[in-house]
Amino acid sequence: MDVEAVVSIVIRKLTDLLIQEPIIFNKAIDEIEQVRISLRQMQSFLIDAEDKKEHEEGVKKWVDQFLAVVYEVEDAIETFVLWKMYARRMGYFFIPKNLKADSDLRNKIEEIKHKIKNFDKMETGGVSNRGEPLMIRQLTLHRSSYRDEGLTLNQQNNDSSYSVDEETDFIGFEKDKSKLVAMLTGSGPESGDYQKFPAISVVGKHGTGKTILAKAIEVKSRLDRRVISVVGKHGSGKTTLAKAIYKSPEVKSDFDCRAWVLASGNLTDVLLSILEQIVNITVDNKSTKEELTQKIHMNLQEKRYLVVLDDLQTPSLWKELLEAFPDTNKGSRIILTTINYRVAFSADTRGEPHRLNPLNEKDTWKLFLKKVRLPDNLMFSDEEVFKLKRKLIRRCKGLPLAIVVLGGLLSTKDPNYEVWLKVFEHPSWQLDRKQDQFSIILALSYNDLPFHLRPCFLYLLLFPKDKDIPVRRLQRLWLAEGFVKHTPEKTPEDMVEIYFKELVQRNLIQIFKWRKDGSPKTCRIGVLQDDGNFMSKAQEIGLFHIQKMSEKETPQHGVRRVTDFVDPEEYISQIQNLRSYLAFDIQKNDMPATEIDRFLNKVTGQNFGLLRVVDLERVYKPKLPDNMGKLFLLLRYLGLRWTFLDALPHSVGEMPYLETLDVKHTYISSLPSSIWKMKHLRHLCLNEIRLDMSLQNHGTSLTHLQTLWGLFVDKKTPVKNGLYRLINLRKLGLTCHLDSFQELDEWIARLASLQSLRIRSKNQNGQPWKLNLKPLSSLENLTNLYLLGSLPELHDRYEFPPKLTVLTLSVSKLEKDPMPILAQLPSLSVLRLLADSYTGKELKCPPKGFIKLQILKLWMLKDLETWEVGKEALKELQEVEIRCCDKLKELPAPLFILENIKKIVLTNMPQKFVDEIPAKGLIFPKTLQF
């Protein structure tokens with residue numbers, strides 16, 4: 001199935017090229033179509049061959065040789081396209097080789113066709129491309145018949161929403177959390193460190209100070225720096241527990257500073273990460289270990305700090321790290337999680353480490369049912385439940401991560417007892433008695449993946465384990481790599497969202513941060529990355545290659561994708577057909593990223609025009625070749641976000657296939673006018689740039705543009721003769737300097753597919769200005785709206801889009817209370833009234849208003865004095881934050897009795913306001929955070 005995934009990607013690329021550039025192929029188009037058909041026919045028995053290659057060397061050799069031919073097809077055709085494009089741009093006189101390019105390609109295709117035919121005659125160990133596969137697959141579960149369409153059966157009628165339930169993963173750890181929070185904060189019966197010491201008797205006559213001394217010992221023990229070790233098996237929930245504690249409001253408010261770091265890396269990286277978090281700035285990573293240790297020690301000297309060292313693996317690393325943490329006598333705490341009992345005991349010298357036990361039967365079943373997402377109306381018989389529970393406990397042994405992954409696997413199956421039982425009794429459980437249960441479950445889950453999801457999942461291994469992966473970045477990379485199938489019914493962005501969501505549903509991707517509207521912001525592959533089998537699979541099929549300094553062997557299928565590496569000169573000859581280069585923040589100081597410069601200079605002039613991806617996000621000021629647009633003609637993705645570049649090579653506008661250009665958070669102030677010739681551009685992220693719209697010379701082909709973010713619009717910007725042609729936008733972010741919004745209103749009203757809109761109106765001095773927009777009610781698909789600038793008064797709910805979910809108003813200067821209007825919006829889930837959005841004295845939430853509102857933020861409403869909540873209003877409210885509302889007299893009493901409320905956050909509020917809350921006798925059942 002892994003090779004089948006590669007074949008499908010190559011077929012998809014060929015199909016796209018045939019559609020996009022039929023003129024280029026001209027006389028060779030029939031030969032290419034024949035190869036494409038031959039590859040499709042080969043897919044019919046690749047599944048059988050790949051299953052057998054695990055056990056038969058002859059079959060493995062056959063599969064590897066066939067994969068080499070598949071890559072040969074891809075390289076030959078894309079190289080041909082590249083040469084043709086050079087010829088079209090520079091003229092045949094300058095590229096004599098292109099005079100025979102067509103015949104060369106036809107000869108190469110004939111050679112490849114001959115190789116494919118010969119596979120019929122090769123010894124394949126019983127694999128045949130005629131008829132049905134000869135062997136029943138043993139390591140692969142039944143897949144959906146929809147796999148070729150990139151959709152699984154359970155997703156045909158599924159919406160695009162995500163279930164945000166962080167408490168689900170916390171099932172079974174409630175007592176552990178309470179105990180450890182008490183130990184951290186010094187509250188509750190578990191908090192006393194003296195309980196970890198042998199009993200101490202204080203003897204003396206009456207009045208000699210025995211009680212005072214005992215209390216002094218107790219207080220001293222609580223103020224000492226304390227190390228708390230959480231130890232347990234792989235997948236036992238250590239990180240989940242530590243994360244819940246770290247994020248808990250009572251812990252957040254109890255420490256001056258906090259840091260969370262993955263401690264399984266090298267010492268320098270761990271120290272660097274800690275320092276950046278406690279000083280909250282980017283640190284020069286050329287500091288030595290000793291200098292970093294000293295800086296951390298100095299910055300923590302006067303603070304009550306909490307540091308979490310996740311996945312600490314060796315006592316020696318702990319010994320070196322300990323030197324960085326001063327004992328400040330302020331009650332500082334260090335939490336470490338580990339599977340190594342030697343580490344746990346050496347660190348937590350005051351007593352027994354906190355051991356995580358397997359979940360009991362009740363919690364195992366409860367967590368499993370949450371993850372498998374059973375329909376409400378589905379019922380199993382008591383006997384079926386009993387058998388399934390027994391199987392579940394036996395297979396997962398109470399390990400939360402095993403339960404989560406197995407539940408994710410079964411969530412994609414029909415909720416049927418017989419179907420589930422087949423999974424629990426799968427032959428793979430019996431194949432290797434020595435293999436741990438968690439590895440078996442991972443293998444089962446991976447083998448069950450439809451082929452189109454496998455490259456997407458394995459691609460995650462290119463990212464550093466300890467770094468958040470922006471979902472936006474990951475999905476656009478999948479698209480650029482050609483992993484996502486195009487269909488007439490859905491846009492590529494819709495398809496990639498489906499791919500991503502299924503991996504989340506299967507619990508193979510962990511959402512790390514959520515946006516307030518419930519969409520995922522960042523993700524991680526988490527502990528699944530520790531399984532070396534996945535890395536091996538990725539390298540076996542040539543998806544990418546990770547080369548270490550000690551390795552000198554040549555990868556079987558070359559190097560097609562690379563990330564940061566030691567020295568490109570070591571194996572520059574092996575990456576002649578490189579497709580992707582991704583870098584990850586390798587320089588954090590003010591010097592240019594010399595490693596990137598050296599790499600790009602090396603590839604310049606070589607056959608690297610096949611590059612589809614150059615992603616340098618967060619690399620400080622990399623130097624790009626001036627002739628980049630002429631070298632990388634097939635580039636689909638150029639990611640320069642957070643690079644702080646000052647300028648782009650003008651040739652960037654000459655990349656005809658570019659789909660994503662991201663220069664957000666840079667100093668780039670202009671783009672070449674040739675940007676308008678990019679007929680395939682779909683995502684353009686800018687940094688308040690005014691585009692050169694000399695459309696009368698260049699025309700515009702940006703009709704496929706989905707994202708236009710960070711555009712600066714003023715009276716020099718042609719709207720009717722420019723922006724009007726962009727009608728397929730889904731995400732639009734504008735900074736405007738306009739006196740009249742009439743043309744802009746008319747253009748925005750035409751954007752029927754728009755989902756997210758941000759408009760900031762500013763004057764010549766950069767200050768908020770008038771925003772005289774017309775009602776946006778015609779935008780039926782708009783769900784997220786951010787408006788900065790003074791607005792006219794609100795008169796009717798129908799001024800807003802009907803599906804509006806997230807609304808942010810800033811400096812709107814509304815004089816009339818907006819709550820009666822906003823309370824009628826039927827889908828509003830998040831409302832942010834930011835600085836000077838409302839200038840009145842009273843806010844009144846009407847009775848039964850805001851039926852779906854979950855998050856409410858009131859920031860810097862400097863004249864607000866009273867806030868009233870009517871009966872049965874805000875029934876779904878979960879979170880409230882009030883910030884810098886200095887004249888607000890009190891919180892409305894109904895807030896404290898709302899059933900769903902989880903958190904009330906008061907930031908920079910007057911002390912009198914805070915003190916009067918308990919004085920009025922208001923009892924808040926969950927969290928009041930200051």
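The shown structure was predicted, so the numbers you read here are calculated from the model rather than taken from an experiment.

**Q** So what about a positive patch on the surface? Which residues, and what values?
**A** A cluster of basic residues, Lys 233, Arg 390, Arg 394 and Lys 397, forms a positive patch on the protein surface. Topologically, Lys 233 is positioned in the loop between β1 (226-231) and α8 (238-247).

**Q** I'd like a rundown of the packing of aromatic side chains, residues and numbers included.
**A** Counted according to the given criterion, the structure contains 16 aromatic pairs. Ring geometry for Tyr 620 and Phe 644: centres 6.2 Å apart, planes at 45°, overall tilted. With Tyr 620 in the loop between β11 (613-615) and α24 (628-631) and Phe 644 in the loop between β12 (637-639) and β13 (660-662), this pair connects stretches of sequence that are 24 residues apart. Taking the centre distance of 5.9 Å and the plane angle of 70° together, the rings of Trp 642 and Phe 644 count as edge-to-face. Phe 644 gets classed as partly exposed once you look at its relative accessible area, which sits at 25%. Among the aromatic residues, those joined into a cluster by ring pairs are Trp 365, Phe 368, Phe 380, Trp 420 and Phe 424. The ring of Tyr 446 has Arg 454 lying over it, and the distance from NZ or CZ to the ring centre is 4.6 Å.

**Q** Help me get a handle on the sheet that holds strand β8 (residues 520-524), residues and values and all.
**A** One open sheet holds the 3 strands; their spatial order is β6-β8-β7, and the pairing between them is antiparallel. Two strands in the sheet have a free side with no partner beyond their single neighbour: β6 (469-470) and β7 (510-514). Pairing between β6 and β8: 2 bridges, direction antiparallel. In the strand pairing of β8, Ile 469 is matched with Cys 523.

**Q** Explain helix α17 (residues 417-424) to me, and be specific about the residues and the numbers.
**A** Every buried residue of α17 is listed here: Tyr 417, Trp 420, Leu 421, Val 423 and Phe 424. The buried residues of α17 occupy one face: seen down the axis, they fall within an arc of 155°. Looking at the buried positions of α17, the neighbouring elements they touch are α14 (361-372), α15 (382-396) and α16 (400-410).

**Q** Lay out the sheet that holds strand β4 (residues 333-338) in plain terms, naming residues and giving numbers.
**A** The strand order across the open sheet built from 5 strands is β2-β3-β4-β1-β5, with neighbouring strands paired in parallel fashion. Edge positions in the sheet fall to β2 (257-262) and β5 (354-355), since each has one partner strand and no second. Across 6 bridges, the pairing between β2 and strand β3 (residues 305-310) is parallel. Looking across to β3, one finds that Ala 259 is bridged to Val 307. In the packing of helix α6 (residues 174-185) onto the sheet, contacts are made with β1, β3, β4 and β5, and the angle to β1 comes to roughly 165°. Across the sheet, α8 lies against β1, β2, β3 and β4, angled at about 160° from β2, the strand it touches most.

**Q** Describe the side chain of Glu 799, listing the residues and the values that go with them.
**A** With respect to the element layout, Glu 799 can be found in the loop between β18 (784-788) and β19 (806-810). Buried and without a salt bridge, Glu 799 has Lys 816 as its closest oppositely charged side chain, separated by 8.9 Å. Engagement of the side chain of Glu 799 in a polar contact is seen with the backbone nitrogen of His 795, the distance being 2.7 Å.

**Q** Tell me about the nonpolar core, residues and numbers included.
**A** Soluble globular proteins tend to bury their nonpolar side chains together. Within the largest apolar cluster, 110 residues are counted, with the highest numbers of intra-cluster contacts made by Leu 39, Phe 457 and Trp 478. Of all the elements, helix α4 (residues 57-90) adds the most residues to this core, at 16 residues. Within the second largest apolar cluster, 109 residues are counted, among which are Val 652, Leu 658, Trp 747 and Leu 825.

**Q** Which residues make up a negative patch on the surface, and what values do they have?
**A** On the surface, Glu 290, Glu 291, Glu 320 and Glu 323 cluster together into a negatively charged patch. By the secondary structure assignment, Glu 323 is in the loop between α12 (315-322) and β4.

**Q** An account of unusual backbone geometry is requested, with residue identities and associated values reported.
**A** Even without a glycine there, the phi angle at His 665 is positive, about 60°. Residue placement: His 665 occurs in the loop between β13 and β14 (683-689).

**Q** Pulling in residues and values, what's your account of the environment of Gln 475?
**A** Note that Gln 475 resides in helix α20 (residues 471-481). Classification of Gln 475 by relative accessible area gives buried; the value is 11%. In the structure, Gln 475 is positioned 22 residues away from Glu 497 in sequence and 7.5 Å away in space, judged by C-alpha atoms. Dropping the residues within four chain positions of it, Gln 475 is found in contact with Val 496, Glu 497 and Phe 500. Side chain to side chain, Gln 475 and Glu 497 meet in a polar contact 3.3 Å long.

**Q** So what about the layout of surface pockets? Which residues, and what values?
**A** Of the volumes computed, that of the second largest pocket is approximately 1,000 Å³. Elements supplying a minimum of two residues to the lining of the second largest pocket: α1 (2-20) and α3 (29-53). The element that contributes the greatest number of residues to the lining of the second largest pocket is α1, accounting for 10 residues. For the lining of the second largest pocket, the class distribution of residues is 10 nonpolar, 13 polar and 14 charged.

Scoring rules and cut-offs
- Residues numbered from 1 in each chain as written.
- Predicted model: local features only at pLDDT ≥ 70, side-chain atom pairs only at ≥ 80, totals over all residues.
- Heavy atoms only, no water.
- Patch = residues over 30% accessible without salt bridge, like charges linked within 9 Å, V, L, I, M, F, W, Y side chains within 5 Å.
- Areas by Shrake-Rupley, 256 points an atom, 1.4 Å probe, with all protein chains shown as cover.
- Salt bridge = Lys/Arg side-chain N within 4 Å of Asp/Glu carboxyl O.
- Lys, Arg positive; Asp, Glu negative; His and termini not counted.
- Charge placed at Lys NZ, Arg CZ, Asp CG, Glu CD.
- Helix = DSSP H or I, 4+ residues; strand = E, 2+ residues; numbered from the N terminus.
- Phe/Tyr/Trp six-rings, centres within 6.5 Å; stacked < 30°, edge-to-face > 60°.
- Buried < 20%, exposed > 50% of the residue type's maximum accessible area, 1.4 Å probe, protein only.
- Lys NZ or Arg CZ within 6 Å of the ring centre and 35° of its normal.
- Pairing = 2+ DSSP bridges.
- Arc of directions from axis to C-beta.
- Contact = heavy atoms within 4.5 Å.
- Axes fitted to C-alpha atoms, helices over the stretch in contact; angles between N-to-C directions.
- Polar contact = N/O pair within 3.5 Å; in protein donor to acceptor, adjacent residues only side chain to side chain.
- Core = buried A, V, L, I, M, F, W, Y, C linked by side-chain atoms within 4.5 Å.
- 1 Å grid on protein atoms, 1.4 Å probe; cavity = no way out; pocket = protein on both sides within 12 Å on 5 of 7 lines; lining within 4 Å.
- Points joined across faces, edges and corners; volume = space filled by probe spheres on them.
- Nonpolar A, V, L, I, M, F, W, Y, C, P; charged D, E, K, R; others polar.

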